Amino acid sequence: MNARTLLKPIPKGSVFFAPLEGITDETFRKLILRLYPEWDFLACDFLRAPAAGRYPNKHLIKHFGKELFLDPQIQVKTMYQILTAYTAFTKELVSDLEKLQIPWLDLNLGCPAARVCGHGGGSSLLKDLKPLRPLIREIRENFTGRFSAKIRVGFNDDKNFEECIHMLNEEGVELITVHGRTREQLYKEPANWKYIKRAVEISKVPIVGNGDIWETNDINRMFEETGCHAVMVARGALKSPWMAQDYRNGNFFEKEKERLEKMKHFFTEFRAMLEEQNITSRGVMKQSKSLARYMLATESMENLRRKLLLSPTDKEFFAVIEQL
Ligand SMILES: Cc1cc2nc3c(=O)[nH]c(=O)nc-3n(C[C@H](O)[C@H](O)[C@H](O)COP(=O)(O)O)c2cc1C
């Protein structure tokens, strides 16, 4: 079955698991889909457009996940994100994704990393909308599936913000995720949800609100304060991968004991999944620690966090987890 035949408008009130470079790979998304199917949509982290030539199909499919790619129901739940720059081979990449009938393509216009912006990619494309418009047009002309964009409110400042929303609407982008910070702000200041509200007011296409959803109830708050169509959670979803489940079950007050049980369950499943993929014990430890950093980032869990992060091997790490 061609996954595109399953594409439907994004339902209002949807909850997205954000793209997270180095984390939201196939193994991780597979686990999230299995443990917490309440996430309505998930994203692949970005695939960089080649500086020259084309990627073989094998590489394009691997980015999505070879096994997940076989399931059309999962394909339509998944945002396939690309990151590009004016000098990169965008048209070739997009045409190849079109040939593969990828149902949903997202353009990264928010990445703040110096190495990305240094090459004119990610959020640096927001500096000047004049050359950005034909780039968006080119993608739209070569991709007939759902085309969305994920933006920050600007590069150094917000002066292009409203014009950017209008331009993306005019050029046929069908869904816009707004992260309420400029590139200059990185993650330093709180995300400003007023930009999400403003985007909702001026955009004809649905807006997905993103930035600083840390607790389950922040999902409600973002919907209420901004009127956005859907929300996207990134670091908060690493802190509580079960957040969408809590949200759908109306569980807004998580007790510490309950949290520890959920963490134990998550890490046990995570380990089993990595081992199934024949990841080395060093790899298991590295990936588990990188998640523990987010999951235990609260004052009350500081001691436990330290214990986990200082574990010299995966055995010691999971011995601590088993005692939770
Ligand atoms: C480790 C990490 C990796 C990220 N990778 C991506 C990415 O590949 N693509 C993208 O659009 N945003 C990426 N982001 C940005 C997030 O998707 C999100 O927009 C941002 O963190 C704000 O949301 P939050 O406050 O819920 O974390 C990344 C963020 C972090 C912390």
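In this numbering scheme, every chain counts its residues from 1 along its sequence in written order. Local features in this predicted model are restricted to residues of pLDDT 70 or higher, and side-chain atom pairs are both shown and tallied only at a pLDDT of 80 or more, whereas totals for entire chains, interfaces and linings draw on every residue. Only heavy atoms go into the side-chain values, all of them from the structure, while hydrogens and water stay out.

*Asks:* Now, about the pairing of strand E9 (residues 230-233): what can you tell me, with residues and values included?
*Replies:* Across a regular strand the side chains alternate sides, sitting on one face of the sheet and then on the other. A two-sided burial pattern is seen for E9, the buried positions comprising Ala230 and Met232 on one face and Val231 and Val233 on the other. Only strands joined by at least two bridges in the DSSP assignment are considered to pair. The helix count covers DSSP runs of H or I at least four residues long, the strand count covers runs of E at least two residues long, and both are numbered beginning at the N terminus. Bridging between strand E1 (residues 14-17) and E9 involves four bridges; their strand directions are parallel. Counterpart to Val15 in the pairing with E9 is Val231. For strand E8 (residues 207-210) and E9, the ladder comprises three bridges, and the chain directions are parallel. Each bridged residue has a counterpart across the sheet, and for Gly209 the counterpart in E9 is Val231. Think of it in three bands: residues with accessible area under 20% of the maximum for their type are buried, residues over 50% are exposed, and the middle band is partly exposed, with areas taken using a 1.4 Å probe on protein chains only.

*Asks:* So what about the packing of helix H14 (residues 302-309) against helix H15 (residues 314-322)? Which residues, and what values?
*Replies:* The geometry of H14 relative to H15 is characterised by a closest axis approach of 8 Å and an angle of 150° between their N-to-C directions. One element, H14, and the other, H15, form an angle in the roughly antiparallel class. In this structure, H14 contributes Leu304, Lys307 and Leu308 to the contact, and H15 contributes Phe317, Val320 and Ile321. Note that Gly is not counted as nonpolar here; it falls among the polar residues with everything else outside the nonpolar set of Ala, Val, Leu, Ile, Met, Phe, Trp, Tyr, Cys and Pro and the charged set of Asp, Glu, Lys and Arg. Classifying every residue of the contact of H14 with H15 gives five nonpolar, no polar and one charged. Note on geometry: axes are lines fitted to C-alpha atoms, helical ones only across the stretch in contact, with angles between N-to-C directions running from 0 to 180 degrees. When describing relative orientation, an angle under 35 degrees is termed roughly parallel and one over 145 degrees roughly antiparallel, while 65 to 115 degrees is termed roughly perpendicular and anything else oblique. For this analysis, residues touch if any pair of their heavy atoms sits within 4.5 Å.

*Asks:* Could you give an account of the layout of surface pockets, with specific residues and numbers?
*Replies:* Throughout, the protein atoms alone are placed on a 1 Å grid, and a set of points is a cavity if a 1.4 Å probe fits but cannot get out or a pocket if it is open with protein on both sides within 12 Å along at least five of seven lines; lining residues have an atom within 4 Å of a point. Grid points are joined across faces, edges and corners, and a volume is the space filled by probe spheres set on the points. In this model, the largest pocket occupies a volume close to 560 Å³. Contributing to the lining of the largest pocket are 28 residues, with Pro19, Leu20, Lys150, Tyr187 and Ala234 lying nearest its centre.

*Asks:* Which residues make up the side chain of Asn169, and what values go with them?
*Replies:* The residue Asn169 is located in helix H7 (residues 161-170) in this model. Contacts described as polar in this section are N or O atom pairs within 3.5 Å, which, within protein, must combine one atom able to donate a hydrogen with one able to accept it, while residues neighboring in sequence count only if both atoms come from side chains. Side-chain polar atoms of Asn169 contact the side chain of Ser203, separated by 3.1 Å. Those residues within four positions of Asn169 in sequence are excluded, and the remaining contacts are Ile176, Ser203, Lys204 and Val205.

*Asks:* Mind laying out the nonpolar core, listing which residues take part and the relevant values?
*Replies:* Buried Ala, Val, Leu, Ile, Met, Phe, Trp, Tyr and Cys residues that are joined via side-chain atoms within 4.5 Å together make up what is termed a nonpolar core. Counting residues in hydrophobic clusters, the biggest one holds 102 residues, and the most contacted among them are Trp39 and Phe266. Here this core takes six residues from helix H12 (residues 256-276), the largest share from any one element.

*Asks:* Tell me about helix H1 (residues 26-35), and name the residues and values.
*Replies:* Most of H1 sits inside the fold, with nine of its 10 residues counted as buried. Within H1 the residues assigned to the buried category are Glu26, Thr27, Phe28, Arg29, Lys30, Leu31, Ile32, Leu33 and Leu35.

*Asks:* Can you explain the site of the ligand? Please cite residues and give values.
*Replies:* Near the ligand, the surroundings consist of 18 residues, among which Glu21, Gln81, Asn210, Asp212 and Arg235 are the closest. One of the side-chain N or O atoms of Arg235 is found 2.6 Å from an oxygen atom in the ligand. Residue burial considers only the protein chains on display, and all accessible areas are found by Shrake-Rupley using a 1.4 Å probe. Look at the ligand: alone it shows 610 Å² of surface, and the protein chains cover 88% of it. Considered class by class, the residues forming the shell around the ligand number eight nonpolar, five polar and five charged. For this purpose, a residue is taken to be near a molecule or strand whenever a single non-hydrogen atom of the residue falls within 4 Å of it.

*Asks:* Quick one: what's the story with the side chain of Asn108, residue by residue and with numbers?
*Replies:* Looking at where Asn108 falls in the secondary structure, it is placed in strand E5 (residues 104-109). The exposure class of Asn108 is buried, given its relative accessible area of 7%. Every residue in contact with Asn108, bar those within four places of it in the chain, is listed here: Phe46, Gln81, Ile82, Leu83, Gly122 and Lys150.

*Asks:* How would you explain the domain arrangement of the chain if you had to name every residue and give the values?
*Replies:* Domain segmentation is taken from an automatic or database assignment of domains. When cut into domains, the chain gives domain 1 (10-249) and domain 2 (256-322). Between the C-alpha centres of domain 1 and domain 2 there is a distance of 28 Å. On the side of domain 2, 14 residues touch domain 1, which itself brings 16 residues to the contact. Two parts placed together each lose some accessible area; with a 1.4 Å probe, that loss summed over both constitutes the buried area. Surface buried jointly by domain 1 and domain 2 totals about 1500 Å² across both partners, of which 70% is contributed by carbon and sulfur atoms. Considering only the surface of domain 1 that becomes buried against domain 2, Thr27, Lys239 and Trp242 emerge as the three largest contributors, covering 36% of it.

*Asks:* Describe the packing of aromatic side chains, listing the residues and the values that go with them.
*Replies:* In this analysis, rings of Phe, Tyr and Trp, with Trp reduced to its six-membered ring, are considered paired at centre separations within 6.5 Å, and the interplanar angle assigns stacked below 30 degrees, edge-to-face beyond 60, and tilted for intermediate values. Tallied over the entire structure, the rule returns 16 aromatic pairs. On the basis of an interplanar angle of 15° and a centroid distance of 5.7 Å, the ring pair of Phe266 and Phe270 is categorised as stacked. Here Phe270 and Phe266 lie together in helix H12, a separation of four residues that amounts to about one turn. Both residues of the pair, Phe266 and Phe270, belong to the buried class. Between Phe317 and Phe318, the aromatic rings sit 5.0 Å apart at their centres with planes inclined by 65°, giving edge-to-face as the arrangement. Phe318 matches Phe317 in its accessibility class, with the two residues each being buried. For the cation-ring pair, Arg29 lies above Phe64, with the distance from its terminal atom to the ring centre recorded as 5.7 Å. Both a distance and an angle decide whether a charge sits over a ring: NZ of Lys or CZ of Arg must be within 6 Å of the ring centre and within 35 degrees of the ring normal.

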